[in-house]
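# Structure assessment
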Amino acid sequence: MKKAAALLLATVSVLLILPFYARAEDNTERIAAETGADRLESSALSGDELSGKKTVNVFEKALNITFSAISENSGTIAAGAGVLLAAIIFCGIMAALGDGSEALGKAGGYISLLLLSAAAYSLIYEVFVFVNAGMQSLSLAITSLQPVMASLYAAGGNAAAGAASSSGFLLFLTVLEIICSKLLLPLLSVCFALALCGAIPGGIDISSVANAVKTTATAIMSFVFTILGFTLYIQTSVAATGDSYVSRSVRFASGAFVPVIGGILGDAYRTLAASAAVVKGTVGTAGVVMIFAAVLPPAAVTLCARVVFSLSSAAAKALGREPESRFLSTVGGMTGILFALTLGAGAAALIAMAVFVSI
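Now for a look at the structure at hand.

Parameters at a glance
- Residues numbered from 1 in each chain as written.
- Predicted model: local features only at pLDDT ≥ 70, side-chain atom pairs only at ≥ 80, totals over all residues.
- Heavy atoms only, no water.
- Helix = DSSP H or I, 4+ residues; strand = E, 2+ residues; numbered from the N terminus.
- Buried < 20%, exposed > 50% of the residue type's maximum accessible area, 1.4 Å probe, protein only.
- Contact = heavy atoms within 4.5 Å.
- Phe/Tyr/Trp six-rings, centres within 6.5 Å; stacked < 30°, edge-to-face > 60°.
- Axes fitted to C-alpha atoms, helices over the stretch in contact; angles between N-to-C directions.
- Parallel < 35°, antiparallel > 145°, perpendicular 65-115°, else oblique.
- Nonpolar A, V, L, I, M, F, W, Y, C, P; charged D, E, K, R; others polar.
- 1 Å grid on protein atoms, 1.4 Å probe; cavity = no way out; pocket = protein on both sides within 12 Å on 5 of 7 lines; lining within 4 Å.
- Points joined across faces, edges and corners; volume = space filled by probe spheres on them.

Scanning the protein for helices and strands turns up ten helices and zero strands. In the protein, the succession of helices and strands from N to C terminus is α-α-α-α-α-α-α-α-α-α. Split into buried and exposed, the 359 residues of the protein put 42% on the buried side. A fraction of 83% describes how many contacts in the protein between residues 6 or more apart in sequence connect residues 24 or more apart.

Here it is as structure tokens:
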């Protein structure tokens, strides 16, 4: 018993003599390497911007991405607008030729509508393909960010928040994939068919039905993405609150019950959490730019197509072709579905990214 007491006394004496202290170190590069943050890739960001060596101006990046998308796709939009204008002029010529003959007028109306519908469908389908590609790019960007975000959550002491964020992002990607693959193209076909039926010479005007379908689809998608963004925020925030309580309890316990080095453990944890927060800020900014790179180009192209269809509808109305004008107006309104999809998906992803940076 005396030997054990003597050994304990000697051990405590040595521990008291040795200089134990905590020192803050810059662990950001090591944490970035271990979480995979230094291996992120994006065409919208340079290597220095991804590594945090160069400051990223998000507003400037957003403007550059938008104008670049418009300039790259201006040829497709201009070609579609030219074909629509030519079809509208042909409609006016056929209408003028058919004024003296009812049979010739109906035949010319059918031919004109056929050409106009082909031109309109060609443009709206190109926009649909572009939006679908943008949503796939958004899914790819989120998929590449997901493991890095989960690792940074865990490095900062928010393991439960990392798990909640990962599950929330998986839900987001699932919903986005279902909307793009199961909803968009069938809905596009239904709206286009309804608009075309309403424009047939002598047919019943059912453009209101097409507008009702379009409005309903837009409202449903807006509601789904609003609920999804709220779920991402609440789920991650609640988990982060629990992680914060646990981490504070651990720091208090280490300082109160661990002799000699308890304070060092607490300081080391705070240093690690601070370094992880620095890396999170860099990754969060890069993530926002990656989301903008996926969302802004289809949104800009969709708006340009909306303008083209509106101007074409006005031109048809000026030539006295009221059915064709209503048809083009209805088809242009379908771009609202695509615009709601891009903005809804981008807003939900940005909410999740903002929660990631703030926790």
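With that settled, consider the packing of aromatic side chains. By the definition in use, this model includes four aromatic pairs. With a centroid separation of 5.8 Å and an interplanar angle of 20 degrees, the aromatic rings of tyrosine 121 and tyrosine 125 are classed as stacked. A residue pair is termed a helical-turn pair when its members lie 3 or 4 positions apart in one helix, as tyrosine 121 and tyrosine 125 do in helix α5 (residues 102-155) at four residues. We classify tyrosine 121 as partly exposed; its relative accessible area is 30%. Residue classification places tyrosine 125 among the partly exposed positions, given a relative accessible area of 35%.

Now for the environment of leucine 350. Note that leucine 350 resides in helix α10 (residues 335-358). Its relative accessible area of 27% is what places leucine 350 among the partly exposed residues. The spacing of leucine 350 and glycine 229 is 121 residues in sequence and 8.6 Å in space, taken between C-alpha atoms. Not counting the four nearest positions on each side in its chain, leucine 350 is found in contact with Val288, Ile291 and Phe292.

It is at 4 Å that the axes of helix α9 (residues 322-333) and α10 come closest, and there the two elements cross at 10 degrees. Judged by the inter-axis angle, α9 sits roughly parallel to α10. Residue-level contacts link Val331, Gly332 and Gly333 of α9 to Thr335, Gly336 and Ile337 of α10. Of the residues assigned to the contact of α9 with α10, the class counts are two nonpolar, four polar and no charged.

The next point concerns the environment of leucine 341. Residue position: leucine 341 is located in helix α10. Sequence-distant contacts of leucine 341, defined by excluding residues within four places in its chain, comprise Val131, Met135, Leu176, Ile179, Cys180, Leu184, Met221 and Phe225.

The subject of this paragraph is the layout of surface pockets. Each pocket or cavity is described by its volume, and for the largest pocket that value is around 390 Å³. For the largest pocket, the lining is made up of 17 residues, of which Ser43, Ser137, Met290, Ala293 and Ala294 are closest to its centre. When contributions to the lining of the largest pocket are tallied by element, the ones reaching two or more residues are α5 and α8 (262-318). Take the lining of the largest pocket: its biggest share by element is seven residues, from α5. Class assignment of the residues belonging to the lining of the largest pocket gives a composition of eleven nonpolar, five polar and one charged.

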